Structure formats: structure tokens, C-alpha cells
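In case you want the letters, here they are:
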Amino acid sequence: MNCELYTDNCSKESLTLIRNSLHSSDMDHDGTHFDESYPHIFSIFGASGDLATKKIYPTLWWLYRDNLLPTRTLFYGYARSKIDVEKIAEKCRAYMNVRPQDEELYSKFWKRNYYFAGNYDSRQDFENFNTQLTHQETGSTANRIFYLALPPSIFEEVTIHIRNACIGQKGWTRIIVEKPFGRDAESSQKLSDHMASLFQESQLYRIDHYLGKEMVQNLMTLRFGNRIFSPTWNRENIACIQITFKEPFGTQGRGGYFDEFGIIRDVMQNHLLQILSLVAMEKPTSCHPDDIRNEKVKVLKGIKPLEESDVVLGQYVGNPDGEGDAKYGYLDDETVPKDSVTPTYAMAVLNIRNERWDGVPFILRCGKALNERKAEVRIQYHDVPGDIFEGKLKRNELVIRVQPGEALYIKLMTKTPGMTFDMEETELDLTYGSRYKDVKMPDAYERLILDVFCGSQMHFVRSDELHEAWRIFTPLLHRIEKNKLKPISYRYGSRGPKEADELLKRSNFVYSGSYKWVKPTA
């Protein structure tokens, strides 16, 4: 259950736990601190855009509603549009999930909002904007957060103006940067060098919302807090690891934007590779953000750049028997060039050259217009040696389901009840909806924005992580674009190209098809 599905069943006790954690002694270390009593100004550049309307403003409202923000926080929107706060509130209303009993509080939230209409290339407009911010900052201490919900094409000029005209003089200033962080290694490095010339790394928060999801954040505890997993977390026991992201819908009329990036840049190079690094990293020396990110970088450094033979690329076509959007393929989207070879599906097999993982395939798989919505990590163990059960055994699996419905379960073999010695696959299951029925789990963006207020960079991408990620994918991306590699067609609503199943088999993944996870009743 997250804040977007907030109901009365979300216990007040769980919110109290979150508030208490913000003030715990564990929060105060190495610059991490929740300054509850000081004034904060949260500014959104691109305030009239879709991201601000559908995600950032709703997230700020949920945090305000649940009393999780510093009490003296104000919100500023900045965009070129000649609109006002009332117009922004009107656009956002459909995404705010306001309960009837919260209407008064909702009105108070918007009274704490301001809007400034200005150009992104005007130093004078930024100076005028800074004057307004300074006017709001009463007292000796005040902190500023700037969220860049902007196209990358204007990052550079906006950040220059922020640095020259809008840095806070009474406290810290932090910058949240949305992906994409470049298109390839060269453009990403150029952006990183530019940002480094203006801000310290400790001021930069490159946001990847997948790092804010409950089960992704749980990987650290699962791996390093349980003795039963640590001894088997290696090539001696694990056959392969599959990290999957599937969406059951296509581009929904936004293919023109998607076509600029494709599924590899949009999902695989960031979300899935970040999860891979958490699954594969060595135990850090502490839970300090930089100790964790150091280990993630070591993993990425051990991966060679991808070759064409390591991947299967696909592009969905319409399903004649489907309904609605399912009848239309990617190229039927009027915003997509008719000769586009942009993949909407990709499977890649990576290998980590270190002692723990040598020879273990890491399979990254993502796609649109597939048969289901799912994001998960599936760790498949080797076959049991010395099988005495006449080939009836199936491989054990540890499955970490990120969405929908957070869950952790282990597939194992047990005897079927009865007189015969038959056996079946079953599971040890931790489904969050059952185990934590009344616990309110924050949305990923809520967690990450709170992390920025606290100064914790644990769940944000560091510049050297970004460099290594692009090093792995850039040569392949350039070959796809230069050689116009044609993706394999797959039908809307299918599992993807059949060639992907063949690559799975070659990568030591065994699909038995005899087990189905049954979601426990809450």
C-alpha cells in the first residue's frame, strides 16, 4: 500500500514510526540530518510540465498531508508559462488523491505554494526569482532545494543561473536532477563535468525512482542481515540471476518522446543496472552512502561493454485479435517515425568478472506491450547434485517482487500430502500486503524527496556510477543507431520475441512452467 492508494486502513502508528525515524540518532551522521524547525524552500523548475503535475506536486502534497516535511516548508514553481498557483492546482487535482476529510488541509497546502513565471535563459529572471526566495527566508538559517523537472537540453543554462543567482546564503542548497543523465558516455560525462564545475557532489541528487522502492531498498538487509543467504550468494550455488521489468501497455501516444531514448536508455541502463549492482555488490564497510556506492561502482567496473551477441532487441506490432490499443503496433503511433528501429523490448546478458560471480549470467529484461505488469529479481540456484528423486526436482528460486504487490518468496520442493512420495513446488512467502496489512509504505518519490531533505545520498546515483553504466551500454547503443539494427517483431500482449527465450536457455536459466505464485489473501 503506498500513498497514492492511501486509505483509512493505513495506521497512524506507521506514520508515527516514519516521523520518529526522521528524528532518530541513526539519522544524524556524516552530514545527514533532518532540520525540522528551519525554513526550507522547495523549488520546481518546469512547474507547468507533466512530471511536476503528475508526480512532484502530488508527492509534496502527500508528504505535507502526513506531516513528514519540516514545518516551515514553502513551495515555489518556476516555468515560462504565464499561469498562477490556482492554475497549477487545477491541473494537479486529478493526481492528488484528496480525501473529503482532507479538503481543509489541502487548501492550506496550496496557500504555501507560490509561482514565478520566467525564462530559463535570463539571468535577470533568476535574480528576480532569488529576490522572492530571499524575502521568504526569515531568521538566521534557511535551506533550499531545486528540482530540475526539465528537458536535458536546458540543464546547463538553468544550473549556471542557479549557481550564479540562486544559491542560498543562510544554509545548504541541494539540486535534484531527473534522468536522462545524457544519451551516451560522452554526453553524460559532459553533463557531469558541467555539474561538477558548479556544485559539489554532496549537493547533487540524481534521482532514479526505482532506488526508492521498498523491495529495492530491502536488498541490503536481505543480503547482509541474514546468515542463511550470505553463504550461498555466489557462483558455487547460483546458476543465473534475472532482473525483469515488464509493462502491459505501449507508448500510449507518447511514442515521439520514447523514440528519442528507447527501452535501453529508458529502463535498462538505469533502473535494472542499479538493481544489479545492489544484488551483486560486496558487503560495504558500513551503511554510509558512499561506502555502499563504492561497492556498487566496483561491480560495474567488472562488467565488459555489451556486444550484439549478448542482446535480443524487439519492437511490438499490433495484435489483430486484441482490443483497444492492443490492435496497434509501435510504428502505428503517429508521433513515431515510420522507419524507426527503436527497441521497445530488450534482453541483455551481462557477466561480472570477479571471484564471486565469474560465470554467472545476469539477465536484464525489459519491455513494453507485454503480457503483464511486473518488476522482479529472480535468483535461480543450481540443480541439486546427486538427484535421488528421478528427475522430479525443480530448481530453487529466490524471488524479490518489486511490483505489483511487494513480496519476497523462496521456491522450494516439498512432499505432496498423502501416502505417495510425490513432490511439488511450493514457497516460503513474505507478501507485504499480508504481513504488513496496516503499514503505510511511502511511495518511491516520497522516500527520495525525504532523503534530500535529510541529506542522505544512499539512494541516489553518483557520477562515477553513471560513468560506468554508460561505459557498458554506449558501444551497443551506437551500433544500433549507426547500423540501423532492425528489432525483432513481437505481438502486443505476448511475452516478447521467441529469440529471447532461446537466449535465456543459453544463459543457464531453466523455465519449468509448473509453478505459479499464488498471492496470499490479505
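Preceding block: the structure.
So, here is what we can say about the structure in this document.

Scoring rules and cut-offs
Residues numbered from 1 in each chain as written. Predicted model: local features only at pLDDT ≥ 70, side-chain atom pairs only at ≥ 80, totals over all residues. Heavy atoms only, no water. Helix = DSSP H or I, 4+ residues; strand = E, 2+ residues; numbered from the N terminus. Buried < 20%, exposed > 50% of the residue type's maximum accessible area, 1.4 Å probe, protein only. Contact = heavy atoms within 4.5 Å. Areas by Shrake-Rupley, 256 points an atom, 1.4 Å probe, with all protein chains shown as cover. Salt bridge = Lys/Arg side-chain N within 4 Å of Asp/Glu carboxyl O. Phe/Tyr/Trp six-rings, centres within 6.5 Å; stacked < 30°, edge-to-face > 60°. Pairing = 2+ DSSP bridges. Axes fitted to C-alpha atoms, helices over the stretch in contact; angles between N-to-C directions. Polar contact = N/O pair within 3.5 Å; in protein donor to acceptor, adjacent residues only side chain to side chain. Parallel < 35°, antiparallel > 145°, perpendicular 65-115°, else oblique. Nonpolar A, V, L, I, M, F, W, Y, C, P; charged D, E, K, R; others polar. Expected span 1.5 Å × (residues − 1).

## Brief notes about the overall build of the chain
Item 1. Of the regular secondary structure elements, the chain holds 15 helices and 15 strands.
Item 2. Expressed as a percentage of its 522 residues, the buried residues of the chain come to 53%.
Item 3. The contacts in the chain between residues at least 6 apart in sequence include a share of 78% that link residues at least 24 apart.
Item 4. Accessible surface, the chain as shown: approximately 23700 Å² in total, 50% of it carbon and sulfur.

## Digging into unusual backbone geometry
Item 1. That bond from Gln403 to Pro404 is cis: its omega, -10 degrees, falls within 30 degrees of zero.
Item 2. Along the chain, Pro404 turns up in the loop between strand E12 (397-403) and strand E13 (407-415).
Item 3. The backbone of Asn97 shows a phi angle near 50 degrees, a positive value even though the residue is not glycine.
Item 4. Mapped onto the elements of the fold, Asn97 is located in the loop between helix H3 (85-92) and helix H4 (103-111).
Item 5. Judged by its relative accessible area of 36%, Asn97 falls in the partly exposed class.
Item 6. If you check the backbone angles, Asn508 has positive phi at about 70 degrees while not being a glycine.
Item 7. You can see Asn508 is positioned in the segment after helix H15 (498-506).
Item 8. Assessed through its relative accessible area of 32%, Asn508 is described here as partly exposed.

## Re the environment of Leu198
Item 1. On the secondary structure map, Leu198 appears in helix H7 (residues 185-198).
Item 2. Residues Leu198 and Arg163 lie 35 residues apart in sequence; the distance between their C-alpha atoms is 6.3 Å.
Item 3. With sequence-adjacent residues up to four places away left out, Leu198 is seen in contact with Thr159, Ile160 and Arg163.

## A short note on the pattern of salt bridges
Item 1. Under the counting rule described, the total for this entry stands at 32 salt bridges.
Item 2. Across the pair Glu247 and Lys368 runs a salt bridge, and its minimum N-O distance is 2.7 Å. A residue pair is termed long-range when its members are at least 10 positions apart, and Glu247 in the loop between strand E7 (238-246) and helix H9 (255-259) and Lys368 in the loop between strand E10 (362-367) and strand E11 (374-381) qualify at 121 residues.
Item 3. The class of Glu247 is buried, set by a relative accessible area of 15%.
Item 4. Overall, Lys368 belongs to the buried group, its relative accessible area being 9%.
Item 5. Among the salt bridges present, the one from Asp290 reaches Arg462, with a minimum N-O distance of 3.0 Å.

## Points about the packing of aromatic side chains
Aromatic rings considered in pairs are described by the distance between their centres and by the relative angle of their planes.
Item 1. Counted according to the given criterion, the structure contains 30 aromatic pairs.
Item 2. With a centroid separation of 5.6 Å and an interplanar angle of 50 degrees, the aromatic rings of Tyr64 and Phe109 are classed as tilted. Of the two residues, Tyr64 sits in helix H2 (residues 50-65) while Phe109 sits in helix H4, which places them 45 residues apart along the sequence.
Item 3. Judged by relative accessible area, which is 0%, Phe109 ranks as buried.

## Brief notes about the sheet that holds strand E2 (residues 73-79)
Item 1. An order of E3-E2-E1-E4-E5-E6 is seen for the 6 strands of this open sheet, with the pairing classed as parallel. Edge positions in the sheet fall to strand E3 (113-117) and strand E6 (204-207), since each has one partner strand and no second. Strand-to-strand twist of the sheet, defined as the mean angle between neighbouring strand axes without regard to direction, takes the value 20 degrees.
Item 2. In this sheet, E2 lies alongside strand E1 (residues 40-45) in parallel orientation, the contact comprising 6 bridges. Pairing of His40 across the sheet is with Thr73, part of E2.
Item 3. Where helix H5 (residues 123-136) meets the sheet, its contacts fall on E1, E2, E3 and strand E4 (143-148), and the angle it forms with E2 comes to roughly 165 degrees.

## A closer look at helix H13 (residues 444-454)
Item 1. Counting buried residues in H13 gives 11 out of 11 residues, a clear majority hidden from the surface.
Item 2. Among all positions of H13, only Ala444, Tyr445, Glu446, Arg447, Leu448, Ile449, Leu450, Asp451, Val452, Phe453 and Cys454 are buried.
Item 3. Between a side-chain oxygen at the N-terminus of H13 and the backbone nitrogen of Tyr445 the separation is 2.8 Å; the capping residue is Asp443.
Item 4. Directly after H13, the chain includes Gly455, whose backbone phi takes a positive value near 80 degrees.

## A word on the side chain of Ser507
Item 1. The residue Ser507 is located in the segment after H15 in this model.
Item 2. Polar contacts involving the side chain of Ser507 include one to the main-chain carbonyl oxygen of Leu503, which spans 2.8 Å.
Item 3. Filtering out sequence-adjacent residues up to four positions away, Ser507 remains in contact with Cys240, Val349, Pro361 and Ile363.

## So, the packing of helix H8 (residues 214-224) against helix H10 (residues 262-280)
Item 1. Closest axis-to-axis distance for the H8/H10 pair is 9 Å, and the angle between their directions is 10 degrees. Considering their axes alone, H8 and H10 lie roughly parallel with respect to each other. Across the interface between the two elements, Val216, Leu219 and Arg223 from H8 touch Ile275, Leu278, Val279 and Ala280 from H10.
Item 2. A per-class count over the contact of H8 with H10 returns 6 nonpolar, no polar and 1 charged.

## Looking at helix H14 (residues 463-482)
Item 1. With 20 residues, H14 extends 27 Å between its outermost C-alpha atoms, agreeing within 8% with the 28 Å of an ideal straight helix rising 1.5 Å per residue.
Item 2. The set of residues buried in H14 consists of Glu465, Leu466, Glu468, Ala469, Trp470, Ile472, Phe473, Thr474, Leu476, Leu477 and Ile480.
Item 3. Within two residues after H14, Lys484 carries a phi angle of roughly 50 degrees, on the positive side.

Note that all results are geometric; they support no functional claim without further evidence.
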